[in-house]
Amino acid sequence: MNVARQSITPELRQWIVDQARAGRRPEDVLAAMRESGWDEDVAIEAMERSLEDFLGVAGTPPPVPVPEPDLAGSPAVVHAFDRDVQVLLQMRSPRVVVFGGLLSAAECAALIELAEPRLARSETVQVTTGGSEVHAARTSRGMFFQRSETDLIARIEQRIAALVHWPVERGEGIQVLHYAPGAQYEPHYDYFDPAQPGTPTILKRGGQRVGTLVMYLNTPARGGGTTFPDVGLEVGAVAGNAVFFSYDRPHPATKSLHGGAPVVEGEKWVATKWLREGVFT
Ligand code: PD2
Ligand code: ZN
């Protein structure tokens, strides 16, 4: 079936509701649609929309605007504030774009030098309280810069804002992480889980995260790529390059599950910029 022509008709929606009424599990309904030729993304969207109507509640949160680079016409290079950045790969679902040469070698070195004396064992946001905690799944050390903390940080933030069309004010401070050999970051979502009791507190500072930019500050000899397990994608960690991904709702349907693969040989340094729905305070 031609994916471009697949549309969610009233008949399809009624069929999905009938299956739900008959007690069929959503994963079985999805599998049946896949077997009869439906594109997975279209099938998931049809299921979500139909079941929202049927249940009278949102099965998934509504989509929100997300940062997005201007890649109309598939440019090889995009100009971002003060620098030309290569476009090396793009994927629609999950929305992933890999950039080349976002940072110069000197900028990578300067970020590492500024961050190194301030590293502490990485904390992850504490989902139950909204505070933060040291987490076993994240065997790296990290630190946060304040937004615009130095001229270098401010320049990089302006470059990122221009690249993905998202105001500097809607970004968290840049985080630098260091992974020693063997360290990794197990697959996770960067958005805050709406089901967790600490999430409303976290969301007071600018709403949900809607995008992530992971910038590689060095090139580990082996390992240390950023993985997207839902689609079997691994982005190599190459100094100066960056992987951008966005998620328009805090839901696995975004396929934005991602992790930092174990560093096999050498060490790994990254700088991460998380982008929020609103102004981050
Ligand atoms: O260092 C990485 O590759 C990585 C992987 C997954 C970083 C993050 N997540 C993150 O900073 O959120
Ligand atoms: Zn992450």
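Coordinates for the structure precede this section.
Residues numbered from 1 in each chain as written. Chains lettered and ligands numbered in written order. Predicted model: local features only at pLDDT ≥ 70, side-chain atom pairs only at ≥ 80, totals over all residues. Heavy atoms only, no water.

**Q** What am I meant to see in the pairing of strand E3 (residues 95–100) here?
**A** Moving residue by residue along a regular strand, the side chains alternate between the two faces of the sheet. For E3, a buried count of 6 out of 6 residues is recorded, marking the element as mostly surrounded by other parts of the structure. Burial of E3 is two-sided: the residues Arg95, Val97 and Phe99 facing one way and the residues Val96, Val98 and Gly100 facing the other way are all buried. Across 5 bridges, strand E2 (residues 83–91) lies against E3 in antiparallel orientation. Paired with Leu89 across the two strands is Val98, which belongs to E3. Counted along the chain from E2 to the antiparallel partner E3, the turn is 3 residues long. (Buried < 20%, exposed > 50% of the residue type's maximum accessible area, 1.4 Å probe, protein only. Helix = DSSP H or I, 4+ residues; strand = E, 2+ residues; numbered from the N terminus. Pairing = 2+ DSSP bridges.)

**Q** Any chance you could explain the coordination of the zinc ion (ligand 2) here in plain terms?
**A** Around the zinc ion (ligand 2), the donor atoms from the protein are His188 (NE2), Asp190 (OD) and His258 (NE2), and they sit 2.0 to 2.2 Å away. Considered as a linear motif, the donors of the zinc ion (ligand 2) on their single chain read H-x1-D-x67-H. Note that His188 is positioned in strand E9 (residues 185–188) and His258 in strand E15 (residues 258–260), a separation of 70 residues in sequence. The exposure classification of His188 matches that of His258, with both residues buried. (Donors = N, O, S within 2.8 Å, 3.2 Å for Na, K, Ca; no water.)

**Q** How should I be thinking about the layout of surface pockets in this particular structure?
**A** One way to see where empty space is left: roll a probe the size of a water molecule over the atoms. What the second largest pocket holds in volume is close to 520 Å³. Around the second largest pocket sit 21 residues that line it, and Asp41, Arg92, Ser93, Asp248 and Ala253 are the ones nearest its centre. Of all the elements, helix H3 (residues 40–55) adds the most residues to the lining of the second largest pocket, at 5 residues. Class assignment for the residues of the lining of the second largest pocket results in 8 nonpolar, 4 polar and 9 charged. (1 Å grid on protein atoms, 1.4 Å probe; cavity = no way out; pocket = protein on both sides within 12 Å on 5 of 7 lines; lining within 4 Å. Points joined across faces, edges and corners; volume = space filled by probe spheres on them. Nonpolar A, V, L, I, M, F, W, Y, C, P; charged D, E, K, R; others polar.)

**Q** I keep staring at the nonpolar core and nothing clicks. Help me out?
**A** For soluble globular proteins, nonpolar side chains are generally found buried alongside one another. Among the nonpolar cores identified, the biggest contains 34 residues, and Phe99, Leu111, Met215 and Leu217 are the most heavily contacted of them. At the level of elements, strand E1 (77–80), E2, E3, helix H4 (105–115), helix H5 (151–164), strand E10 (209–216), strand E14 (242–246) and strand E17 (268–276) are the ones that each hand at least two residues to this core. Examining the composition of this core, we find that 6 residues originate from one element, H5, more than from any other. Once you skip the residues sitting within four places of it in the chain, Phe99 turns out to touch Pro69, Val78, Val85, Gln86, Val87, Leu88, Leu163, Leu213, Asn241, Ala242 and Phe244. Counting residues in hydrophobic clusters, the runner-up holds 19 residues, among them Val96, Val214, Leu233 and Val270. (Core = buried A, V, L, I, M, F, W, Y, C linked by side-chain atoms within 4.5 Å. Contact = heavy atoms within 4.5 Å.)

**Q** Would you take a moment to explain empty space enclosed by the protein for this structure?
**A** Under the counting rule described, the total for this entry stands at 2 cavities of 30 Å³ or more. Considered as a void within the structure, the largest cavity measures approximately 130 Å³ in volume. As for the largest cavity, its lining consists of 15 residues, and the residues nearest its centre are Tyr179, Tyr185, Val214, His258 and Thr272. Of all the secondary structure elements, the ones that give two or more residues to the lining of the largest cavity are strand E8 (175–179), E9, E10, E15 and E17. Here the lining of the largest cavity takes 4 residues from E17, the largest share from any one element. A per-class count over the lining of the largest cavity returns 6 nonpolar, 7 polar and 2 charged. By volume, the second largest cavity amounts to about 40 Å³. Taken together, Glu157, Ile160, Ala161, Trp166, Pro167, Val168, Gly171, Lys273 and Leu275 form the lining of the second largest cavity.

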